[in-house]
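What the coordinates show
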Amino acid sequence: MRYAAPPYMYDVLPYPSTKEPWLTTARWRAVERHFREMVMRAGYREIRTPILEPTELFKRSIGEATDIVSKEMFTFVDRGERSLTMKPEGTAPAVRACIEHGLFAEHGLLKLYYIGQNFRYERGQKGRYRQHQQLGVEVFGAHDPAIDAEVLALAMNFFTSLGVRCKLHINSVGTAECRARYREALKAYVAPSLQHLSEEGKMRYEVNPLRMLDTKDQRDLAILAGAPVLRDFLTDDSSKHFEQLQGYLAALNIPFAIDDGLVRGFDYYSGTVFEIKGEGLGAQDALGGGGRYDGLVEECGGTAVPGLGFGIGMERCLLALEALGIQPPQEDESPIAFIITAGEQPAVRTTAVTLLHSLRSSGIAADMDYLGKNFRRQFKRADDLGSRFYIIIGEDEVASGTVQLKERTTGEQQKIDIDSVVQYLSGKAL
Ligand code: HAM
């Protein structure tokens, strides 16, 4: 029996795999670190929520008629007869946690970030998986369009500072009342052509008309081409908020395009919505997206607290870097020193093992061979790992309490007291 990872889920390995060569833990961590440093500079604090949440939370927040809730959730009944769902996204869990722990009452403005796994039973393809990771932020408590600009700027800066070419698409979906009026107008416009819509389009017409706009079907697009636009149904407050946001984006020199068809796949959005699209990524070009959800906290049982945020797709970000031939800044995983032993004498190995452990306890990355490799192959292993120094120990060194220390790149070699190796390398490791 050969086991494999579940369909459209993948392993992240320390070495490039044949299936997903762009996916390595070093790249993964580099991008995470980049994100973490950026949001922490902007005052965001980390939140971690469980993988599992009550199913009802997602039904209520994302909406029963959305694709995610109606057909893509990993849901099961646990041994205590509770319906649980593996989180398909991070916003609703963050809202649930903040309500549960009373954070809204304690903090006027709450700025959170997360890095987390999400699960959606999707039709998999390149860039679309059943388990994906998002780098996200959520801000609670502010209506000010300047915070919308902050959130959008963070998402855009994340990509541009990595060298990824992308475009910001924005729209406003207004308040629930704007959307209700628009829904009627859209349905009235589409009604005469209803029989020509795709099956998916017909279904959306009935259960979630706004989602008709989020289609790639050419026939549906043709029918919708002259449809009324949501922006014309915005209240004065919503329009003003959206205009102010555009003013801030212009002041920050962040180019954007207003996209009337941008409605996003969740029912919780209100006001600003946005998506960041990468270049040259094919169908799965949404690198990240988000927006405002001013009614969500109340909908989930909290007080009326406005909110907004975004989620960036980690895998799509790595794919975009790969497509552009950009290596994200990687953490150096090479050891400072590799200990090489000469001869079989037990005292030599014991000296090596002891030195290895004192180097590591002093914070110096060090390694040695455990496969009984010969002298030459131990050097080869040190070279493969990219070690900066070789520490060579043989019978003579053990007898004299010394080691041979050789710098790999310069070839410079010196004999030093074994007791001063840690101190010497501590200076070099800085
Ligand atoms: P979303 O647009 O569903 O939004 O996901 C955000 C990003 O996650 C997408 O733009 C995409 O890059 C990535 N993504 C989504 N699904 C997959 C998948 N199956 N495979 C690979 N990548 C994927 C949300 O989830 C919202 N919670 C974002 C948000 C936060 N809105 C407000 N706050």
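Just so you know, these numbers come straight off a predicted model, no measurement behind them.

1. Examining the site of the ligand
By nearness alone, 27 residues border the ligand, and Glu89, Glu122, Tyr129, Tyr269 and Ala286 come closest of all. Contacts to the ligand include tyrosine 269, whose side-chain N or O atom sits 2.6 Å from a nitrogen atom. In the model, an oxygen atom of the ligand is placed 2.8 Å from a nitrogen or oxygen of the alanine 286 main chain. For the ligand, the protein covers 96% of the area, taking 660 Å² as the surface of the free molecule. For the shell around the ligand, the secondary structure elements donating two or more residues are strand E6 (131–140), strand E10 (286–292) and strand E11 (307–313).

2. Some points on the sheet that holds strand E15 (residues 402–407)
The 5 strands are arranged E13-E12-E14-E15-E16 in an open sheet whose pairing can be described as mixed. If you trace the sheet from one side to the other, it starts and ends with strand E13 (366–368) and strand E16 (413–417), each paired once. Each neighbouring strand pair of the sheet contributes to a mean axis angle of 30°, computed without reference to strand direction. One ladder, built from 4 bridges, connects strand E14 (residues 389–393) with E15; its direction is antiparallel. For phenylalanine 389, the partnering residue across the bridge sits in E15 and is glutamate 407. Here helix H13 (residues 346–361) sits on the sheet and contacts strand E12 (337–341), E13, E14 and E15; the angle it forms with E13, its principal contact strand, is near 160°.

3. Section: the pattern of salt bridges
Enumeration according to the criterion identifies 26 salt bridges in this entry. Ionic pairing is found between arginine 96 and glutamate 100, a salt bridge with its closest N-O pair at 2.9 Å. Remark: glutamate 100 and arginine 96 occur in helix H4 (residues 91–100); sequence separation between them is 4 residues, near one turn of the helix. Residue glutamate 100 is classed as exposed on the basis of its relative accessible area, which comes to 54%. Salt-bridge contacts for arginine 211 lead to aspartate 214; the nearest nitrogen and oxygen are separated by 2.9 Å. For aspartate 214, a relative accessible area of 38% gives the class partly exposed. Through salt bridges with shared partners, a single ionic network connects Asp67, Lys71, Glu200, Arg204, Arg211 and Asp214.

The rules we used
Residues numbered from 1 in each chain as written. Predicted model: local features only at pLDDT ≥ 70, side-chain atom pairs only at ≥ 80, totals over all residues. Heavy atoms only, no water. Near = heavy atom within 4 Å. Polar contact = N/O pair within 3.5 Å; in protein donor to acceptor, adjacent residues only side chain to side chain. Areas by Shrake-Rupley, 256 points an atom, 1.4 Å probe, with all protein chains shown as cover. Helix = DSSP H or I, 4+ residues; strand = E, 2+ residues; numbered from the N terminus. Pairing = 2+ DSSP bridges. Axes fitted to C-alpha atoms, helices over the stretch in contact; angles between N-to-C directions. Contact = heavy atoms within 4.5 Å. Salt bridge = Lys/Arg side-chain N within 4 Å of Asp/Glu carboxyl O. Buried < 20%, exposed > 50% of the residue type's maximum accessible area, 1.4 Å probe, protein only.

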